[in-house]
Amino acid sequence: MTGTPVIETHGLTRRFGRLVAVDHVDLAVRRGEIFGCLGPNGSGKSTLMRVLLGLLDPSEGTAHVLGCEIPRDAERLRSSVGYMTQRFSLYEDLSVRENLDFAAAVFGLPRRERRARVSAALTDAGLDVYAEARAATLSGGWKQRLALAAATVHRPQLLVLDEPTAGVDPQSRRVFWEKLFEIAAGGTTIFVSTHYMDEAVRCHRLALLRDGRRMA
Ligand code: ADP
Ligand code: MG
């Protein structure tokens, strides 16, 4: 199956009224690669991701993700995809451990597997010391680590990260990217958006978006 792209789109388009947010985009993302989506604010990165995840319907064109036709088979994707939204979207009032346990439950991990999986994710993310701390008390960099741990606790085949390091300090960004390379080396495909050029050059391959169109 190495030959089949993990993400494949043809002429993928999403309009909001008269605005064309994603404009006939063709993509082929291969298994195990870090594929970057670089573009300024408003270029359609988040919209493209939401369409690929089946959260928004395309207006035109086709998309296949992990062999599922989008949006028809999007429901089947849920357990195999991890998604980190642009803004921190975990529960500030829950502890770090509770957030991971909740994420694991949402992704359908059975209760008996959850405890071990959450412990492994805590250790893996270096979050053990903060396990019982409320998410709200973490610094920006640690929140990003928690969000990444929550998005990967079910060991997805595909990880979709929407500007994961926006507003995070350079040191934390570096650590975060090291983690991404580790995850990709384990065979997980990563589709990540950014507007930082230095992050874009770390990706294996890139798509440059502008006004919803793929420029390069
Ligand atoms: P990016 O993530 O690259 O900043 P977005 O995908 O968020 O870009 O937005 C692309 C364009 O689509 C922008 O002009 C934005 O205002 C518009 N847009 C995004 N979501 C919606 C929506 N739900 N309704 C109307 N317009 C939207
Ligand atoms: Mg965005």
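Residues numbered from 1 in each chain as written. Chains lettered and ligands numbered in written order. Predicted model: local features only at pLDDT ≥ 70, side-chain atom pairs only at ≥ 80, totals over all residues. Heavy atoms only, no water.

Participant: Account for the coordination of the magnesium ion (ligand 2), naming residues and giving values.
Facilitator: Those protein atoms acting as donors to the magnesium ion (ligand 2) are Ser46 (OG) and Gln86 (OE1), and they sit at 2.0 to 2.5 Å. Of the two residues, Ser46 is situated in helix H1 (residues 45-52) and Gln86 in the loop between strand S6 (81-84) and helix H3 (96-106); the sequence distance between them amounts to 40 residues. (Donors = N, O, S within 2.8 Å, 3.2 Å for Na, K, Ca; no water. Helix = DSSP H or I, 4+ residues; strand = E, 2+ residues; numbered from the N terminus.)

Participant: Describe the confidence of the model for the protein chain, naming the residues involved and giving the relevant values.
Facilitator: Regions with low pLDDT carry predicted coordinates that are not meant to be interpreted in detail. Averaged over all residues, the pLDDT of the protein chain equals 93, while 99% of them reach at least 70. At the low end of the mean pLDDT range in the protein chain sits helix H7 (residues 197-200), at 87; at the high end sits strand S1 (residues 7-16), at 98. (pLDDT = per-residue confidence, 0-100.)

Participant: Report on the packing of H3 against helix H5 (residues 140-152), specifying residues and quantitative values.
Facilitator: In contact at an axis separation of 8 Å, H3 and H5 are set at 25° when each is read in the N-to-C sense. The pairing of H3 with H5 is recorded here as roughly parallel in orientation. Here H3 runs over H5; the crossing is right-handed. On H5, the residues that touch Val96, Asn99, Leu100 and Ala103 of H3 are Leu146, Ala149 and Ala150. (Axes fitted to C-alpha atoms, helices over the stretch in contact; angles between N-to-C directions. Parallel < 35°, antiparallel > 145°, perpendicular 65-115°, else oblique. Left-handed = near helix turned anticlockwise from the far one by under 90°. Contact = heavy atoms within 4.5 Å.)

Participant: With reference to specific residues and values, describe the nonpolar core.
Facilitator: With 34 residues, the main nonpolar core has Ile34, Leu100, Leu146, Leu148, Leu161, Leu180 and Ile190 as its most contacted residues. Those elements that place two or more of their residues in this core are H3, helix H4 (111-124), H5, strand S7 (158-162), helix H6 (170-185) and strand S8 (189-194). At 6 residues, H5 tops the list of elements feeding residues into this core. Residue contacts for Ile190: discarding those within four places in its chain leaves Glu33, Ile34, Phe35, Leu159, Leu161, Leu180, Ile183 and Ala184. Residues Ile7, Val51, Leu56 and Val160 belong to the second largest nonpolar core, which totals 28 residues. (Core = buried A, V, L, I, M, F, W, Y, C linked by side-chain atoms within 4.5 Å. Buried < 20%, exposed > 50% of the residue type's maximum accessible area, 1.4 Å probe, protein only.)

Participant: Which residues make up H5, and what values go with them?
Facilitator: Given a rise of 1.5 Å per residue, 13 residues ought to cover 18 Å, and the 19 Å separating the end C-alpha atoms of H5 matches this to within 8%. Where H5 is concerned, the buried positions are Gly141, Lys143, Gln144, Leu146, Ala147, Leu148, Ala149, Ala150 and Ala151. As for H5, its buried residues are in contact with S6, H3, S7 and H6. (Expected span 1.5 Å × (residues − 1).)

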